[in-house]
Structure formats: C-alpha cells, structure tokens
Amino acid sequence: MQEEIIVSGFGGQGTLFAGQVLAYAAMDAGYHVTWIPSYGPEMRGGKARCTVIISDEEIGSPLIRRPSAAIVMNIPSMEAFEPAVRSGGVLVVNSSLIPQRSERDDIRVLYVPGTELATEMGNVRIANMICLGALVQALGVLPLRTLEEALENHLAERHRKWLPLNKEALQKGAEFAR
Amino acid sequence: MARELWEGNATIAEAAVRAGLEAFFGYPITPQSEILEHLSHRLPELGRVFLQTESEVASINMVYGAACAGARVMTSSSSPGISLMQEGFSYIACSEVPAVIINVMRGGPGLGNVAPSQGDYFQAVKMAGHGDFHPIVLAPGNLQEAADLTVLAFDLAEKYRTIGMVLADGSLGQMMEPVEMPPMRPVRPPYERPSWALTGAEGRPPNIITSLYLVEEVLEKVNLRLQAKLRQIAANEVRWKEYSTEDAELLLVAFGTVGRVCQTVVREARRAGIRAGLLRPITVWPFPSARIAQLAEQVRGVLVVEMNAGQMLEDVRLAVEGRRPVRFYGRFGGIIPLPDEIMPELEKLDAETR
Amino acid sequence: MVTTVEIPTDMELVYKYPESLTPRSTHYCPGCTHGIIHRLIAEVIDELGVRERTIGVAPVGCAVLAYEYFNMDFCEAAHGRAPAMATGIKRVSPDKVVFTYQGDGDLAAIGTSEIIHTANRGELITTIFVNNAIYGMTGGQMAPTTLPGQVTTSSPRGRDVETAGWPMKMAELIGMLGGAVYVTRQAVLDVPSIRRTKKAIKLAFQVQLAGLGFSMVEIISTCGTNWGVSPLEALDWAKTHMLAYYPLGDTKVSDAVRELMGERVTPFTMVKSATEL
Ligand SMILES: Cc1ncc(C[n+]2csc(CCOP(=O)(O)OP(=O)(O)O)c2C)c(N)n1
Ligand code: SF4
Ligand SMILES: [Mg+2]
C-alpha cells in the first residue's frame, strides 16, 4: 500500500498543518510516512502545499508528480492538481472557493464547501480539517479515530482549546465521503 | 525511545545536542535557519553555548577557537555561507582539531535560490578549502540518517581530529519524517578535554595549535602525516547502502535525496522487468569506489543521477575505470528529478547495453 | 638564547626574565617595537600570576609567530579572525584569560567586522592592537591606518584620501561600542610611553579578570624596515606624524572600570574622552 497525497492552497489555509495531522496519524498507525512542504516566496497568501506519502514499506521519493489523492483549497490548486490525480484516485475540492467542476470520470471527486461550513461552525480556519476528514474517509486507509488521536497527541499546547472543534470538523468532512 | 515526527533541520540540531554539542556558532541562511533557531533555545536551556554571529566567517573562526579549546563544537550553513567558511576549514584541517559542519545545500551558483540542490558536492569532497585535505563528508538520505550521521560526524571528527561534514539538501532540511532520536549523551566536562587542547599550561609545557610551517621540509612532513590519516579514514570509514544489487544488471548511483528517489526508480524498473539496483553512498568522502568497481564487473551499465551538472559522476567514472558505460541524468535550480523522468534514462541505458 | 645564572641567595631579586616569555630570540627586525610589546604583555601576565590559565591568539602579520615567544598555550588565527577565535575559546572556557595580538591590517582591514562585533558583544577578552601604519609582513603596503600622504609600496604617490579614504581611528571607533569597557591608545616610542603602555595593558587584563567587558589597548608602534628609515628615525617619525593624527589616551573607561582602578591603578591623563571626539 502506498498513498501519495497533496494538500494545496493559499498560505493561511492550514494546508501544511492538515498534511502534518495526516502524517502524525499515519506514523501512529505504524506506517512509513514523509511530509514535505513547498512554499511560494510570500510569507502569507502565497501558495502553500505539502506532499504526504503513507506506505507500508520504506519510502523512496518523497515527491511525486501524480498523487493518488489531493485536497485543493483554492482555484490555482484545482487547476494544478485536478488533472494530476492518478486514475482511481480521490480529489477533495473546497467548493466554497472553487466554482469549477471536474470533468474526470476516472477519479472520485468530493465537493466539500469547507470554507462555508467552517465559518458556520465558528472558525474559518478549520476548513482544512473538514476537507481532511472527507479525504481520509474516502481513502479508507486510516480510521478517522487515528486523526483525532493525532490531534490529541500532537496539537501544540496553545492550540488545545481548538481540539473539540477540530474533531467536529473532521467528522463533518467525513460525512461527505460516506 | 519512541519515534517522533521531526522536521529535518530540527532533527540535525537536536541530534547534535544529544551528541554532546557544547557550543554552536552560526549565521542565519535559508534553508537551514531552523537549525540555528532550534539551538537558540535548546543550548541555553541546557547551560551550553549558543551564539548568533556577525557572519559565516566569524562562525567558522569561533568554531576553530572553541575546537582548539577542546570543546565539542559545530556550525551550520547553506551553500553561500559555506563558501565563506572555506579558509577556516583549511586551517582546521591542518591544525587537526575536530569540528562538525552542516551544509544544507541550496540552488546556486551565486545567490541562486533556497530550493534543494547538490551543487556543492565538488566543494565538499574535492575542494573544501585551499591546500591538500578532505573533510569526512556524510550524506543522509532520510531523516533517521540525518540524526544518526550527525552523531557520527562528531565521533569521526574527534576520532581523526578533522572536519566531519554533514552534506544535506534543502528538501531534507524542510521535510518531516518519523525519527528515533539518539540518546542524550552527557556533555564532556572541561577537565576531560583532550591533552592537546588549549586549556592553560598548568604544570605542563604550552600547547601550540597552528597551521603555519615556514620550513618546506617540515610542512611536507605535516602533509605526509595528513595524507596518511586520510588514507586511514579511506580504509576504515567508507559507508554506503545498496538496494536490489544482488542480481542487478543496471546500477543506479545517487546520494542524499536523489538517492531515495532512485529507490523508487529501482522498484518501478523491477516491476517493468528491468533488473536495476541502487548504490547510495553514505560517505561521499571517502567514496565507496571499491564497491562500485566490483559492481561494475557485474552490471551492464551505470546511471548516475544528481541535482547538479554531474559532480559525483566523476568519482563514479573514476571507480568504474571505463569497464562499463556510465551515463548521467541531472536537474538544477532546486528541481528534484522524479522517478518518471529517470526511468526513460534507465530504459535508454538498458537498450544501449543489451 | 638567554643564559640563566644562579641568583645568589644573599641578594634581593630586582629583575628577572619574564616566565611568560620563552628563551627564544625573536625574528623581528632590529628596532622593531613588536618585541617591546611582547615583553610588556609577558610582564603583566607574570605580575597577575595567570600564565598557566592564559590562552593567546596570534594574528597573521609580523607577529604570526608570537606563539614561539610567549610561554603559554597559544593558537594562530586566520588573517583578521583572531577576535572570533578568541570568542570561541572564551565562550567554552570562561575561566581562562584570553587575549588577541593583532596588527593594523589584521584588525582594521580584513578583520574589521570581527573586532567590532567582538567588542560590541562585550566578549571577556583583551585585544592588543599594534598600529604601525603599514602592512609589515607583506612588505610595506598601505594599511587602513596609513597616514594621508604616507608613501608605501602600494601608495607610491602617498595615501590619497580621495581614493583610499582616511586612516581609521580604531580606538575611537571601538570605544563607542557598548560592550567595550576599557579602550585606550598608547605608544611604545620612549620610556615614559612604554611605562604607561604597560599600565594600560595591565588594566586591560584586570578588566577581563574582573569580568567587566571587552578591553583593547591600541599601541602606536614603528616599522622602520618598511617605512625605510632607521629605528631611531622611526621613533621620531611616529612621534611627530602618528601622534598628531592618533592622539594618545583613553577612548572608553566605563564606570565599572573606573571603580576597579580605584587606588590600585593611577589613571592616566585623559587626552580626549570618547564623548569629545
Ligand atoms: C586571507 C589573507 N589575505 C592576505 C594575507 C597576506 N597577509 C599576511 S600579513 C598581511 C598584513 C599584515 O599587516 P598588519 O596586520 O598590519 O601586521 P604587521 O605585519 O604590520 O605587524 C597580509 C595582507 C593572508 N595571510 N591571508
Ligand atoms: S617588518 Fe616592520 S613590523 Fe615587521 S618585524 Fe620588521 S620592523 Fe617589525
Ligand atoms: Mg601593521
């Protein structure tokens, strides 16, 4: 088993963090895992994406061109990765900010209004967790519980007050993939 | 000890702390500033020395001074900063004091960019400074190795009283992987510093540490001694890893990040019916030449892949000595070559050597 | 070589070759003031009783072999980097007495950055700065301290300040920095100035021992060989020309240093204080 996942969006959308939560969960579940970021030159507002590879054998290349799954949080990311996802893969689209629809019929596309739902839930910054919940549910490699545990084990002290909301967000997202 | 998810730069910094690092001197430069940042809180909290310097020139000369005093010391930088340190490397090598240098390579030449590169291979293994010397150069391919080789760099530097250099690239510095950190070693107390160190000539004749030998014959003797030491290192300390080489007909040679990319290539090649194997040097100086020469007898051809214009390529060619065709594929500018662009090169080599 | 003679027990010892010097004779040119300065440092280290815990850092310059003459742990730095090396040593060996010995090319040209930052950090080291207005070792080229109009092998028509800039007043520059607590400019051009210089060197080391901050003694010196004059003429030339441009006196004496001086050290006349410059 090897899943190669790209999480991509603007800086500030929490894509790098979403990738890290996924990486922690995979590590805790006993998999080999790599997380590698790529930034734009801007500190905020530029592109921010990461690649997470989860595997049951030693991971070679930490970068891939064609992911088996992707979360796209904004239009440029949609344009870059909608065509790249491998046949049979999963694409989670943050439909609040991305009006386009995918024309591909060889992948599973989940349209999740992450930004809107997050705003309704009281914090726009949990859109990443909503999308991640959808992705993990669709992939079926890790039970959602492992992500909640990863949050519990690795969320920085100063962010712990957001733990319940983050968990709720994961669940909310997962509903879109059920 | 449990595995934790670590970022590459912090991995190196924390491993150095665990190895008993007593003092760090450094100047910020991307993509390795997280090493400096990690140590800026870790070392003071442990009562050890951290100093952000005014330049890499100052850093290396502070390292030189602390090394002369017998302390376990290190600096880290990225390509342009390493260039500035080269005079110091040469002094340290000639004076035979131990020091650890971390180079998290970025795109060059010039100011280049902050993306990963392997463009400093020649600088590290062939021309780390003026005069005849080589540092011991360790090239991790993943973060567990980054931790382990950082510790090893201290041990080898002290064993041979020379420079132990960890040659990583920006992607290793920035990525995250599970790492089992080495155990915390106690810091060596000042009264256990080596007998050659500058500790004050109390009840003994003065210790002098210099790299100046004005009499030609004396400097030649110093050089002969340094060369003998380098031969000893070359005989004892070559390290590498092999993947699927037992029955390989084509051999990939790549180090660091590209080395692990080529692990994927080997898997994919085998799936496609090409019997490929990989040798990934862990020490790039000393270089695993003898093993590559052996494998050259076994395989039909060799493909070297690097993030540069073909630097390690020269060492591979020297090792293969024309026995087999040696081909090269490289990317620059901070671009990591991916399996799908390396595969066609391997297929070409396969066809060419059938 | 120095021959040692048994000292008769019924006589009082009034003079002795410093323990902090090796019995070697130096390679310096006849009449060179480097030797005098070595001697003063050695006497001070003897008097303070710290030879066995002193670590010296030699420069690149005529004094590159200083470690041959000082009888203590020593190392030899890259050109200009002695203050960085001394920082490294002192930070990992805070109980040691650490000093650098540097020329004007070493300290005020290639090593300007290191000396400024070392002083500014208030490193607990002492710098002995030998200003002879020339690059002695490499054959008399223009130094950052070379006087306006002074002829050197690389300023054959005399230093032109329009193109080569002005001589650097390092004692004034370093005196301005927060971490520097005792900075002075002295000379070794006659007996009184030599005696004052020794006092200054002693105070500089005492400042380090008391942990007060960075201390530096700039010493106006000669290089008859590269100035192209006899040793005596060199002393005269330095007095007339160098002292006119480089006034002697303290450029920084912090309050803590003043306190330290108390009764034990007689303050020298302040020619100019840092604030008047
Ligand atoms: C990096 C480097 N550049 C240049 C030199 C050559 N060099 C040796 S001594 C010296 C000048 C020394 O002058 P100064 O510091 O004034 O000392 P002095 O000889 O006058 O006592 C120079 C330029 C060197 N050794 N290293
Ligand atoms: S060249 Fe000048 S500074 Fe050097 S030893 Fe001779 S007189 Fe002294
Ligand atoms: Mg000079």
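For the structure, see preceding data.
Keep in mind it's a predicted model, so treat the numbers as computed, not measured.

Peer 1: Would you take a moment to explain the pattern of salt bridges for this structure?
Peer 2: Working definition: two side chains of opposite charge can pair if their charged atoms are close together. Residue and element names in this part refer to chain B. Inspection of the entire model under this criterion finds 50 salt bridges over all chains. With a shortest N-O distance of 2.8 Å, Asp247 and Arg270 are connected by a salt bridge. Placement of the pair is Asp247 in the loop between strand E10 (240-243) and strand E11 (250-253) and Arg270 in helix H10 (residues 256-271), with a sequence separation of 23 residues. Classification of Asp247 by relative accessible area gives partly exposed; the value is 33%. Each of Asp247, Glu249, Arg270, Arg275, Arg300, Asp350 and Arg354 takes part in salt bridges that share partners, so that together they form one network.

Peer 1: Mind showing me how you'd approach the interface of chain B and chain A here?
Peer 2: Often the size quoted for an interface is simply the accessible area lost on bringing the parts together. If you look at the interface, chain B gives 20 residues, while chain A gives 22 residues. Three residues stand out in chain B for area buried against chain A, namely Leu5(B), Met176(B) and Arg267(B), and they jointly supply 30% of the buried area on that side. A salt bridge links Arg65(A) to Glu341(B); its shortest N-O distance comes to 3.0 Å. Secondary structure elements with two or more residues in the side of chain B that touches chain A: strand E1 (4-7), helix H8 (170-174), strand E8 (176-179), H10 and helix H13 (339-352) of chain B. Here the side of chain B that touches chain A gets five residues from one element, more than from any other, and that element is H10(B). Here the residues of the side of chain B that touches chain A are counted per class, giving nine nonpolar, four polar and seven charged.

Peer 1: Explain the sheet that holds strand E4 (residues 126-131) of chain C to me, please; I cannot follow it from the model alone.
Peer 2: In a beta sheet, neighbouring strands pair by backbone hydrogen bonds and run either parallel or antiparallel. Strands sit in the order E9(B)-E2(C)-E1(C)-E3(C)-E4(C)-E6(C)-E5(C)-E7(C) across an open sheet of eight strands; the sheet is mixed. The sheet is open, and its two borders are formed by strand E9 (208-209) of chain B together with strand E7 (249-253) of chain C, each paired with just one other strand.

Peer 1: In this structure, what is going on with the nonpolar core? I would like to understand it.
Peer 2: Inside soluble globular proteins, nonpolar side chains tend to come together where they are buried. Formed by 127 residues in total, the largest nonpolar core has its most connected members in Leu39(B), Met74(B), Phe89(B), Val316(B) and Ile174(C). With eleven residues, the single largest contributor to this core is helix H7 (residues 143-160) of chain B. Excluding anything up to four places from it in sequence, Met74(B) contacts Ala16(B), Leu21(B), Ala23(B), Phe24(B), Phe25(B), Ile35(B), Leu39(B), Val63(B), Val100(B), Ile102(B) and Phe154(B).

Peer 1: What exactly am I supposed to notice about empty space enclosed by the protein here?
Peer 2: Regions of empty space are outlined by a rolling probe, equal in size to a water molecule, passed over the atoms. Residue and element names in this part refer to chain B. Counted according to the given criterion, the structure contains two cavities of 30 Å³ or more. Around the largest cavity sit Ala93, Phe133, His134, Thr162, Leu226, Lys229 and Leu230, which together line it. Ranked by residue count, the leading element in the lining of the largest cavity is helix H9 (residues 216-236), at three residues. Residue composition of the lining of the largest cavity, by class: four nonpolar, two polar and one charged.

Peer 1: Honestly, the site of ligand 1 in this entry has me stumped. Any pointers?
Peer 2: As a matter of local geometry, ligand 1 sits amid 17 residues, with Cys62(C), Asp104(C), Gly105(C), Asp106(C) and Gly136(C) nearest to it. At ligand 1, the nearby residues belong to more than one chain, namely chains B and C. Within the side chain of His34(C), a nitrogen or oxygen atom sits 3.0 Å from an oxygen atom of ligand 1. Notes on ligand 1: free accessible area 590 Å², of which the protein chains cover 77%. Per-element accounting of the shell around ligand 1 gives the leading share, four residues, to helix H4 (residues 104-110) of chain C.

Peer 1: In this structure, what is going on with the packing of aromatic side chains? I would like to understand it.
Peer 2: How two aromatic rings sit relative to each other is set out by the distance from centre to centre and by the angle between their planes. All names here are of chain C. For the coordinates displayed, the defined rule picks out eleven aromatic pairs over all chains. The interplanar angle of 75° and the centroid separation of 5.8 Å between the aromatic rings of Phe70 and Phe99 together place this pair among those described as edge-to-face. Within this pair, whereas Phe70 is found in the loop between helix H2 (66-69) and strand E2 (73-76), its partner Phe99 is found in strand E3 (residues 97-103), the two being separated by 29 residues in sequence. Judged by centre distance (5.1 Å) and plane angle (80°), the rings of Tyr245 and Tyr246 are edge-to-face. Note on Tyr246: relative accessible area 0%, which makes it buried. Taken together, Phe70, Phe74, Phe99 and Phe205 form an aromatic cluster joined through their ring pairs.

What counts and what doesn't
- Residues numbered from 1 in each chain as written.
- Chains lettered and ligands numbered in written order.
- Predicted model: local features only at pLDDT ≥ 70, side-chain atom pairs only at ≥ 80, totals over all residues.
- Heavy atoms only, no water.
- Salt bridge = Lys/Arg side-chain N within 4 Å of Asp/Glu carboxyl O.
- Helix = DSSP H or I, 4+ residues; strand = E, 2+ residues; numbered from the N terminus.
- Buried < 20%, exposed > 50% of the residue type's maximum accessible area, 1.4 Å probe, protein only.
- Contact = heavy atoms within 4.5 Å.
- Buried area = accessible area lost by both parts, 1.4 Å probe.
- Nonpolar A, V, L, I, M, F, W, Y, C, P; charged D, E, K, R; others polar.
- Pairing = 2+ DSSP bridges.
- Core = buried A, V, L, I, M, F, W, Y, C linked by side-chain atoms within 4.5 Å.
- 1 Å grid on protein atoms, 1.4 Å probe; cavity = no way out; pocket = protein on both sides within 12 Å on 5 of 7 lines; lining within 4 Å.
- Points joined across faces, edges and corners; volume = space filled by probe spheres on them.
- Near = heavy atom within 4 Å.
- Polar contact = N/O pair within 3.5 Å; in protein donor to acceptor, adjacent residues only side chain to side chain.
- Areas by Shrake-Rupley, 256 points an atom, 1.4 Å probe, with all protein chains shown as cover.
- Phe/Tyr/Trp six-rings, centres within 6.5 Å; stacked < 30°, edge-to-face > 60°.

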